[in-house]
Structures are given as structure tokens and as C-alpha cells.
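# Per-entry structural report
What follows is the residue order along each chain.
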Amino acid sequence: MSIVKNVCLATDLSEFSLPALEVAIDVSLARHAGLTLLYVHETGAFELPSGYVENLPSELDRTYDELNRRLAQLERKARSAGVTRVEKRVVQGPIVDEIVRVSSDSDYLVLGTHGRTGLERLVMGSVAQKVMERARCAVVLARPAKQRRE
């Protein structure tokens, strides 16, 4: 059995990420590995309203404060389950690129899936699929409970 040093959980902080958190905690505990909680804040190109630029730093600060607060909730869950090494990371950039980049130092990457199918998946795309194609480590997908086979 190879030594596992770190598990990365890429989360969008939605309800769909909760099963993935459970899986990431289980893998971390089973392998005595650290856990990185990753959120990628994707900013698209858009035009800011007049006068907004002056308020941009404080708005971004509030956004990052909220993201860190929500990641801290996940960290508390992981620590209460027994994971001793937990790192929170909020990065900015293209979602797939940043997940692949940050997880490149990990042994496992855990992702939650929204469970989209058909036209919805075609239109929305699949971050999980794109990450799986490019990841440099093992990828574990956690589906929503309603889609799991019993």
C-alpha cells in the first residue's frame, strides 16, 4: 500500500459537496492523510457599473471572508471526525485549471457531482469530467444521495 500524504476536496460549497466532504474525510482518516479544502472563485469578464471600481476591494474582501467562513465550517466537520491536518484554500481563476493545479500535489482529489444528465449536462458542461481528464492524481467522485444505488 502506498503512502498517501494528502487528499484534496474541491468544493463549490453547495449541498452537492456534502457527500464529497464525507468521502474526503473517510479517505483522509483511512490513509492518515492531510486534507485540503479547495474553493475556486471564478471571476468572469464583465463590465462594472460606474462608481463600482472604488468599492471593488471591499466587496472582494467580503466575498473572501464569506468563503473562508464557509470553508471553516467544513474544516470543523473534518476535525471533529478526526482529521488532524486540514488546510483551507481559496484561489481565483478558471475552475478546472485551478483544481488541477492545486490538486497536483495531492494523492487523491475528491469532487462532488451535481448529477446533471442529458441536455442540462450538455449545456452546463461537466467540471468533474474535465478535471478527471486532466488530473495528475486519483479522482474520486461523490454523487448526490438521491442518485446513489442502494
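The structure under discussion appears in the preceding block.
Residues numbered from 1 in each chain as written. Predicted model: local features only at pLDDT ≥ 70, side-chain atom pairs only at ≥ 80, totals over all residues. Heavy atoms only, no water.

## Describing the overall build of the protein
As a reminder, the rule being used: For helices the rule is a DSSP run of H or I covering at least 4 residues; for strands it is a run of E covering at least 2, with both sets numbered from the N terminus onward. Using a 1.4 Å probe on the protein chains alone, a residue whose accessible area is under 20% of its type maximum counts as buried, one over 50% counts as exposed, and one in between counts as partly exposed. Working rule for contacts: check all heavy atoms of both residues, and any pair within 4.5 Å makes them a contact. For accessible areas, the Shrake-Rupley method is used with a probe of radius 1.4 Å. Any residue's cover is judged against the shown protein chains and nothing else.
A count of helical and extended segments in the protein gives five helices and five strands. Reading the secondary structure of the protein in the N-to-C direction produces β-α-β-α-β-α-β-α-α-β. Out of the 150 residues belonging to the protein, those deemed buried represent 36%. Within the protein, contacts between residues separated by at least 24 positions form 78% of all contacts whose residues are at least 6 apart in sequence. As displayed, the protein has an accessible area near 9300 Å², and 50% of this comes from carbon and sulfur atoms.

## Focus on the pattern of salt bridges
Keep this limit in mind: In what follows, salt bridge is the name for a side-chain nitrogen of Lys or Arg lying within 4 Å of a carboxyl oxygen of Asp or Glu.
Per the stated rule, a full pass over the model turns up five salt bridges. With a shortest N-O distance of 3.1 Å, R79 and E75 are connected by a salt bridge. Separated by four residues within a single helix, R79 and E75 lie in helix α2 (residues 56-81), roughly one turn from each other. Of the residues examined, R79 reaches a relative accessible area of 37% and is grouped as partly exposed.

## Points about the packing of helix α3 (residues 95-103) against helix α5 (residues 127-134)
Keep this limit in mind: All axes are obtained by fitting lines to C-alpha atoms, using only the stretch in contact for helices, and the reported angles, taken between N-to-C directions, cover 0 to 180 degrees. The cut-offs work like this: below 35 degrees is roughly parallel, past 145 is roughly antiparallel, 65 to 115 is roughly perpendicular, and the gaps in between are oblique. If you view the pair so one helix is near and one far, a crossing is left-handed when the near helix is turned anticlockwise from the far one by less than a right angle, and right-handed when it is turned clockwise. Under the convention adopted here, Pro, Cys and the residues Ala, Val, Leu, Ile, Met, Phe, Trp and Tyr are nonpolar, Asp, Glu, Lys and Arg are charged, and Gly plus all remaining residues are polar.
Taken N-terminus to C-terminus, the directions of α3 and α5 make an angle of 45 degrees; their axes are 9 Å apart at the nearest point. With respect to their mutual orientation, α3 and α5 come out oblique. Viewed along their axes, α3 and α5 form a crossing whose handedness is right-handed. Here I95, V96, D97, I99 and V100 of α3 come into contact with α5, specifically with V127, K130, V131 and R134. Here the residues of the contact of α3 with α5 are counted per class, giving six nonpolar, no polar and three charged.

## Remarks on the pairing of strand β2 (residues 34-41)
For clarity, the cut-off: Strand pairing requires that DSSP identify at least two bridges connecting the strands. We call a crossover right-handed when, viewed with the strands running away from us, the connection from the first strand over the helix to the second turns clockwise.
Burial within β2 is extensive, with eight of its eight residues counted as buried. Residue alternation in β2 divides its side chains into two sets, G34, T36, L38 and V40 and L35, L37, Y39 and H41, and both sets are buried. Here five bridges tie strand β1 (residues 6-10) to β2, and the two strands are oriented parallel to one another. Of the residues in β2, the one forming a bridge with L9 is L37. The β-α-β motif built from β1, the intervening helix α1 (residues 18-31) and the parallel element β2 has right-handed crossover chirality. In this sheet, strand β3 (residues 86-92) lies alongside β2 in parallel orientation, the contact comprising seven bridges. From the neighbouring strand, T36 faces β3, where its bridge partner is E87.

## Thoughts on the side chain of H41
With respect to the secondary-structure elements, H41 resides in strand β2. The buried category is assigned to H41, whose relative accessible area is 15%. Setting aside anything within four residues of it in sequence, one finds H41 in contact with L60, T63, Y64, L67, V91, Q92 and G93.

## Let's talk about unusual backbone geometry
Positioned with a positive phi, L13 is a non-glycine residue whose angle comes to about 65 degrees. With respect to the element layout, L13 can be found in the loop between β1 and α1. Exposure remark for L13: the relative accessible area of 11% places this residue in the buried category. Unusually for a residue other than glycine, H32 sits at a positive phi of about 55 degrees.

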